[in-house]
Amino acid sequence: MKKFLLPLFIAALFPGRASAAPEPAQVLTLPGILSEVKTANPSLAAARRQLGLLQAEVVINSAYPNPSIEIDKSASSVFDGYEIKAVQPVPLTRRAATAGAAASASYEAAQKELQALETAILSSARKAWYALQIAVERRNFEEKNLRFSMDILNKIEMRLQTGEAGNSDLARAKVEASRSGYHLQEAETTQRATAGELNTLMGRRPDAPVAVSENGGFSLAPVAAMLEPLEKYTELALARRFELRALALNGKAANLGLTLEKDKRLPVPEFGLIRGTDGGSSYSRLFLGLELPLWYNNNGEIKRALAHKAALDYEVQRLELEIRGQVYSAWLELGLAQKRLATSRETVVLLNDLKRTAAQDYLSGKIDLTAFYETNRVFLEENVSYLDALKEYYEKTAQLEAAANIGEEK
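The model shown is predicted, which means the values in this text are computed figures rather than measured ones.

S.K.: In this structure, what is going on with the packing of aromatic side chains? I would like to understand it.
M.R.: Under the definition given, this model contains 6 aromatic pairs. An aromatic cluster is present here, built from Trp129, Tyr130, Tyr393 and Tyr394 joined pairwise through their rings. In this arrangement the basic side chain of lysine 85 is found over the ring face of phenylalanine 287, its NZ or CZ atom lying 4.8 Å from the centre.

Okay, structure coming up:
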C-alpha cells in the first residue's frame, strides 16, 4: 500500500493509487512533460520555423548592391563593333548596414515573441498536468464511493430479508448505486479528456496512453505560500515579460526603418567603365549615372514608417497596462483560491467523521435511510468541491507565475 505524507483525512478520502490498475504508459514527471512540450509542441515548432524566414531577411537586407554588365554587339554588315559597360551602384549612405540592422532587430524581436509563446504554452502544460493529477484522484474517489454504495445496497438487501428495511429503502439504494456508477464514468471521461489535452501540448495524439508521476510538486493538501505584495509581481512582470522586450526590439527596427526610408531620398550614383570598338578602333570611357528624385521624394514610405513607429510607441503603453491588469487579476484570483481551498479543507475534515457516524446510526436504526443519504450527498458534494478548489488553486498559481514570468523551474 502506497503511503502519503499527507494528513489522515486526505488519506481516508482519497485512497492510494495502488488499488487502480496500472496504465501501460511511460510515467511522466512535470519537468519531463515541460521538456517534451518545449521540444515537440506544434505551435512552438511552427514558430521556430518562421524564425528561419526572418533570419534569411537579415542576409538579404545586408547585401551590398551587385554590379551589372551590358554587352552591345552590332549586327549590321556596315558597322563592325561591340561595346561592354560595367556599372557598380555606390550608395552615399550605409543603406545596407541600416537595412541589415533593422532586419536583425526584427529577428531578435521574433525570438522574444517565441519565448513569450513558450511561457504561455508551458503554463498551459503545467495546468494540464495538475488537472490530470486531480482527475486521477477524482476517479479514485468515485471508485471508492461506488464500492461504498454497493456495500450499502448489499446490506439493505440483507436487512430487507429480516424486515429491518422496506422496498423503498432498496429502491433508493439502487438509485444511489446507479448514480455512483455514472459519476465514476464521468470521472474516467474527464481523466481521459485531460490526458488528451496534455498529449496535444506534447505534440502527441490525444488518445496516446499517458501516466503522470506522483511526485513533482503535487500534493492533495498543499501548503499555500503567503502572497507577496501586488507591486512585487507587477515589477517582476514589467522587467521580465518577453512581450515587452520584443516590442522594444520592434521599436528599434522601426527607428532603423525610418532612417532607411529617409536615406532613400538621396540618389544612388552608378559608376562604370565602357569599353568597345567601332570601325576597328578601340575606345574606353568612364560612366556616371544618377537618379534624380524630382517627381517623388520617398514621401509615402517615410510617412508609413513614421506611422508604424507611432503605433509601436502607443503599443508599449497599451501592453504595459494589459500586463498590469493580468498580474492584478491573477494576484486577486490566487488569493481567493487559497481561501477557498482552506475553507473547503476544513469542511471535508468535519464531513468525513459525520458520514461515518451517519452510516453507523442508520445501520443501528437511529436514523432513516433518507437522513443518511442526505448526509452522504453533502459529503460527496463537498469532496468534489474540494478537488475543484484544489484544481483552481494550482491553476491560479500557474497563472500568476506566467503573468509575472517567474519561470517554469519552480
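The structure having been displayed, the exposition proceeds.
S.K.: Can you help me understand helix α4 (residues 95–162) in this one?
M.R.: Between its first and last C-alpha atoms α4 spans 100 Å; for 68 residues at 1.5 Å apiece the expected length is 100 Å, and the two agree. Glycine 163 sits one or two residues past α4 and shows a positive phi near 85 degrees.

S.K.: What's the story with the nonpolar core in this structure? I'm lost.
M.R.: The biggest cluster of nonpolar side chains holds 51 residues, and the ones touching the most others in it are Ile33, Val37, Trp129, Leu198, Phe218 and Val327. Sorting the residues of this core by element identifies α2 (30–40), α3 (42–62), α4, α5 (167–201), α6 (230–240), α7 (242–263), α8 (299–363) and α9 (369–403) as the ones contributing at least two each. For this core, the leading source of residues is α4, giving 11 residues. Residues contacting valine 37, with those up to four places away along its chain left out, are Leu44, Ile121, Leu122, Ala125, Leu201 and Met202.

S.K.: How should I be thinking about the side chain of asparagine 405 in this particular structure?
M.R.: Position of asparagine 405 relative to the elements: it lies in the segment after α9. Judged by its relative accessible area of 10%, asparagine 405 is buried.

S.K.: What is the right way to read the sheet that holds strand β5 (residues 270–278) from this model?
M.R.: Here we have 4 strands laid out as an open sheet, ordered β2-β3-β5-β6, and antiparallel in their pairing. Of all the strands in the sheet, the pair left with one neighbour each is β2 (68–73) and β6 (281–289). Across the sheet, the axes of successive neighbouring strands diverge by a mean angle of 15 degrees, strand direction being ignored. Relative to strand β3 (residues 81–89), β2 runs antiparallel, the two being bridged by 6 bridges. What sits directly across from isoleucine 71, in β3, is isoleucine 84.

S.K.: Explain unusual backbone geometry to me, please; I cannot follow it from the model alone.
M.R.: Excluding glycine, residues mostly have negative phi values, and the peptide bonds linking residues are mostly trans. Of note in this structure, asparagine 298 is not a glycine but carries a positive phi near 60 degrees. Looking at the element boundaries, asparagine 298 is found in the loop between β6 and α8. Note on asparagine 298: relative accessible area 9%, which makes it buried. With a phi close to 55 degrees, asparagine 405 is a non-glycine residue in the positive phi region.

S.K.: Quick question: what am I supposed to make of the pairing of β5 here?
M.R.: On a regular strand, one side chain projects to one face of the sheet and the next to the other, so that they alternate. Of the strand pairs in this sheet, β3 and β5 are connected by 9 bridges, and their pairing is antiparallel. Within β5, the residue paired with valine 87 across the bridge is glycine 272. Taken together, the 9 bridges between β5 and β6 define a ladder with antiparallel strand orientation. What sits directly across from phenylalanine 271, in β6, is leucine 288. As consecutive antiparallel partners, β5 and β6 are separated by 2 residues, and within that stretch glycine 279 has a phi angle of approximately 65 degrees, a positive value.

S.K.: I keep staring at the pattern of salt bridges and nothing clicks. Help me out?
M.R.: Where charged atoms from two side chains of opposite charge come close, those side chains can pair. In total, this model carries 22 salt bridges according to the counting rule given. We note a salt bridge from glutamate 315 to arginine 318, for which the minimum N-O separation is 2.6 Å. Here glutamate 315 pairs with arginine 318, and both are found in helix α8, just 3 residues apart, close to one helical turn. On the accessibility criterion, arginine 318 (33% relative accessible area) is partly exposed. Salt bridges here are not isolated pairs; linked through shared partners, they connect Arg138, Glu142 and Glu186.

S.K.: Help me understand the side chain of asparagine 41, please; the structure alone is not making it clear to me.
M.R.: Summarising the element assignment, asparagine 41 is placed in the loop between α2 and α3. Within the structure, the side chain of asparagine 41 is placed 3.1 Å from the backbone nitrogen of leucine 44, a separation counted as a polar contact. A distance of 2.8 Å separates the side chain of asparagine 41 from the backbone oxygen of leucine 201, its partner in a polar contact. Discounting residues that sit within four places of it in the chain, asparagine 41 has contacts with Glu36, Ile121, Thr200 and Leu201.

S.K.: Help me understand the environment of alanine 63 in this model?
M.R.: Examined against the element boundaries, alanine 63 turns out to sit in the loop between α3 and β2. Judged by its relative accessible area of 46%, alanine 63 is partly exposed. Counting along the chain gives 33 residues from alanine 63 to alanine 96, while the straight-line C-alpha distance between them is 6.1 Å.

S.K.: For this particular structure, what's the right way to read the packing of α4 against α8?
M.R.: In helix packing, the relevant descriptors are the interaxial angle and the interaxial distance, both defined with respect to the helix axes. Two elements in contact, α4 and α8, have axes whose closest approach is 12 Å; the angle formed by their N-to-C orientations is 15 degrees. As judged from the angle between their axes, α4 and α8 are roughly parallel. With respect to the hand of their crossing, α4 and α8 are arranged in left-handed fashion. Packed against α4, whose contacting residues are Phe148, Lys155, Ile156 and Arg159, the element α8 presents Lys355, Tyr362 and Leu363 at the interface. Considered class by class, the residues forming the contact of α4 with α8 number 4 nonpolar, no polar and 3 charged.

S.K.: What is the right way to read empty space enclosed by the protein from this model?
M.R.: Unoccupied space between atoms shows up once a probe the size of one water molecule is rolled over them. Here the structure, examined in full by the defined rule, presents 1 cavity of 30 Å³ or more. Computed from the structure, the largest cavity encloses a volume of approximately 40 Å³. Surrounding the largest cavity, Phe141, Lys144, Asn145, Phe148, Lys355 and Phe379 form its lining. With 4 residues, α4 is the largest single contributor of residues to the lining of the largest cavity. Of the residues assigned to the lining of the largest cavity, the class counts are 3 nonpolar, 1 polar and 2 charged.

Reading the values: the criteria
Here, residues in each chain are numbered from 1, in the same order as that chain's written sequence. The predicted origin of the model limits local features to residues at a pLDDT of at least 70 and limits the giving and counting of side-chain atom pairs to 80 or more, whereas totals for whole chains, interfaces and linings rest on all residues. Only heavy atoms go into the side-chain values, all of them from the structure, while hydrogens and water stay out. Between 30 and 60 degrees the pair is tilted, below 30 it is stacked and above 60 it is edge-to-face, where a pair is any two Phe, Tyr or Trp rings, Trp via its six-membered ring, whose centres lie within 6.5 Å. As a reminder, the over-ring test applies to NZ of lysine and CZ of arginine, requiring each to be within 6 Å of the ring centre and within 35 degrees of the ring normal. Secondary structure elements follow DSSP: runs of H or I no shorter than four residues count as helices, runs of E no shorter than two count as strands, and numbering proceeds from the N terminus. What a helix should span is 1.5 Å times the count of its residues minus one. Buried residues of nine kinds, namely Ala, Val, Leu, Ile, Met, Phe, Trp, Tyr and Cys, make up a nonpolar core once their side-chain atoms join them within 4.5 Å. Only protein chains enter the calculation, and the probe is 1.4 Å; a residue is then buried if its accessible area is under 20% of its type maximum, exposed if over 50%, and partly exposed in between. Should any heavy atoms of two residues lie within 4.5 Å, those residues are considered in contact. The criterion for strand pairing is that DSSP finds at least two bridges linking the strands in question. Think of each axis as a best-fit line through the C-alpha atoms, taken over the contacting stretch in the case of a helix, with angles from 0 to 180 degrees between the N-to-C directions. Only one rule defines a salt bridge in this text: a Lys or Arg side-chain nitrogen within 4 Å of an Asp or Glu carboxyl oxygen. Residues adjacent in sequence count toward polar contacts only when both atoms are side-chain atoms; beyond that, a polar contact is any pair of N or O atoms within 3.5 Å, and within protein one must be able to donate a hydrogen and the other to accept it. Oblique is the label for any angle not under 35 degrees, not over 145, and not in the 65 to 115 range, which are roughly parallel, roughly antiparallel and roughly perpendicular in turn. Each crossing gets its hand from how the near helix is turned against the far one by less than a right angle, where anticlockwise is left-handed and clockwise is right-handed. Three classes are used, and their members are as follows: Ala, Val, Leu, Ile, Met, Phe, Trp, Tyr, Cys and Pro are nonpolar, Asp, Glu, Lys and Arg are charged, and the others, Gly among them, are polar. Here a cavity denotes a set of grid points, spaced 1 Å apart and computed over the protein atoms alone, in which a 1.4 Å probe fits but from which it cannot get out, and a pocket denotes an open set meeting protein on both sides within 12 Å along at least five of seven lines; residues with an atom within 4 Å of a point are reported as lining. Grid points are joined across faces, edges and corners, and a volume is the space filled by probe spheres set on the points.

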